[in-house]
Amino acid sequence: MTGSIGTASTGSTGSTGSTGSTGSTGSTGDASGDFGGGIAIAPPLARAIGLSPALLKVVGHFPANRWPPADLTPDYNNPPLTGTLAYPDGAWDPVLKAVVLLGNALATKPDWPTTMTLLHWTALPMPATPPALPQPRTVEDEITELVALIDYRPAVMDEALTQRLDIVQYWSGLLLFSATSHPKTYLLARLAIEAGAFFAMH
């Protein structure tokens, strides 16, 4: 005798598993690399040097040493001066190097305040015929123009902020030079900024 095969009922759906926890964000990489004269401004190089422990304990604890360590030989705190010491050019920040170069140049010409004078702005040459002034416009005309220029604002704003923060970095992005690829050109640009600021103030 053959028994009948009944239809099995569908099992209930299992509960949804819990969502896994989000992984931790990875550390940000060092952004101080040179990208061939890009406009992006790299953070300054940090040389953080704190107090370091001595090699041997003294009365149950390790004394702290500043840099250079006092417990090393020879005595780096009082080195023998046997020749001319020079700060390596590669260790200079171009901005600080430009300040030194400007100071050295002015030191060779003590009478620069009387021989290197600039014209007062009121004495600058003006065109014989002033350009024609635009026709007066209403406030509504100017607002309409500003609305028409809205699409240009984001890109122009980024460019303006880059120029305001560091004009040399802006130039290096346009002309494809950097402190690594063209160190002397980059230093000359920094020197021009320092010299311009100095003579404008004095």
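You'll find the structure just up there.
Right, let's walk through the structure included here. It should be emphasised that the depicted structure is a prediction, and the values quoted were computed from it without experimental measurement. (Residues numbered from 1 in each chain as written. Predicted model: local features only at pLDDT ≥ 70, side-chain atom pairs only at ≥ 80, totals over all residues. Heavy atoms only, no water.)

**A closer look at unusual backbone geometry**
Next, step 1: Non-glycine residue Val59 carries a positive phi angle of around 55 degrees.
Next, step 2: Along the chain, the position of Val59 falls in the loop between β1 (52-53) and β2 (64-65).
Next, step 3: Positive phi is not limited to glycine here, since Leu176 has a value of about 60 degrees.
Next, step 4: Position of Leu176 among the secondary structure elements: in the loop between α5 (167-175) and α6 (183-201). (Helix = DSSP H or I, 4+ residues; strand = E, 2+ residues; numbered from the N terminus.)

**A word on the packing of aromatic side chains**
Next, step 1: A complete count under the given rule lists four aromatic pairs for this structure.
Next, step 2: When the ring of Phe198 is compared with that of Phe199, the centres are 5.4 Å apart and the planes differ by 85 degrees; the resulting orientation is edge-to-face.
Next, step 3: Clustering of aromatic rings is evident, with ring pairs tying together Trp112, Phe198 and Phe199. (Phe/Tyr/Trp six-rings, centres within 6.5 Å; stacked < 30°, edge-to-face > 60°.)

**A short note on helix α1 (residues 94-107)**
Next, step 1: A rise of 1.5 Å per residue sets the reference length of α1, with its 14 residues, at 20 Å; its end C-alpha atoms lie 20 Å apart and thus fit the reference within 8%.
Next, step 2: Every buried residue of α1 is listed here: Lys97, Ala98, Leu102 and Leu106. Take α1 and look down its axis: the buried residues cluster within an arc of 170 degrees, on one side only. In α1, the exposed positions that point more than 90 degrees away from the buried face belong to Leu96 and Ala107.
Next, step 3: Buried-residue contacts for α1 involve α2 (112-115) and α6.
Next, step 4: The residue sitting at the N-terminus of α1 and contributing the capping side-chain oxygen is Asp93; that oxygen lies 2.8 Å from the backbone nitrogen of Val95. (Expected span 1.5 Å × (residues − 1). Buried < 20%, exposed > 50% of the residue type's maximum accessible area, 1.4 Å probe, protein only. Arc of directions from axis to C-beta. Contact = heavy atoms within 4.5 Å. Polar contact = N/O pair within 3.5 Å; in protein donor to acceptor, adjacent residues only side chain to side chain.)

**Let's talk about the side chain of Lys97**
Next, step 1: Tracing the chain through its elements places Lys97 in helix α1.
Next, step 2: Lys97 gets classed as buried once you look at its relative accessible area, which sits at 18%.
Next, step 3: Residue contacts for Lys97: discarding those within four places in its chain leaves Asp89, Trp92 and Leu187.

**Let's talk about the environment of Ser178**
Next, step 1: Looking at the secondary structure, you find Ser178 in the loop between α5 and α6.
Next, step 2: Spatially, the C-alpha atom of Ser178 lies 9.3 Å from that of Val168, the residues being 10 residues apart in sequence.

**What about the environment of Leu188?**
Next, step 1: Considering the arrangement of structural elements, one finds Leu188 in helix α6.
Next, step 2: C-alpha separation for the pair Leu188 and Pro94, spaced 94 residues apart in sequence, amounts to 9.0 Å.

**Thoughts on the packing of α1 against α6**
Next, step 1: Running from N to C, α1 and α6 cross one another at 60 degrees; their axes reach a closest spacing of 8 Å. Looking at the two axes, α1 sits oblique to α6. Helix-helix and strand crossings are classified by hand; for α1 and α6 the assignment is right-handed. The residues of α6 that touch α1, namely those facing Pro94, Val95, Lys97, Ala98, Val99, Leu101, Leu102 and Leu106, are Tyr186, Leu187, Arg190, Leu191, Glu194, Ala195, Phe198 and Phe199.
Next, step 2: Residues belonging to the contact of α1 with α6 are distributed by class as follows: 13 nonpolar, no polar and three charged. (Axes fitted to C-alpha atoms, helices over the stretch in contact; angles between N-to-C directions. Parallel < 35°, antiparallel > 145°, perpendicular 65-115°, else oblique. Left-handed = near helix turned anticlockwise from the far one by under 90°. Nonpolar A, V, L, I, M, F, W, Y, C, P; charged D, E, K, R; others polar.)

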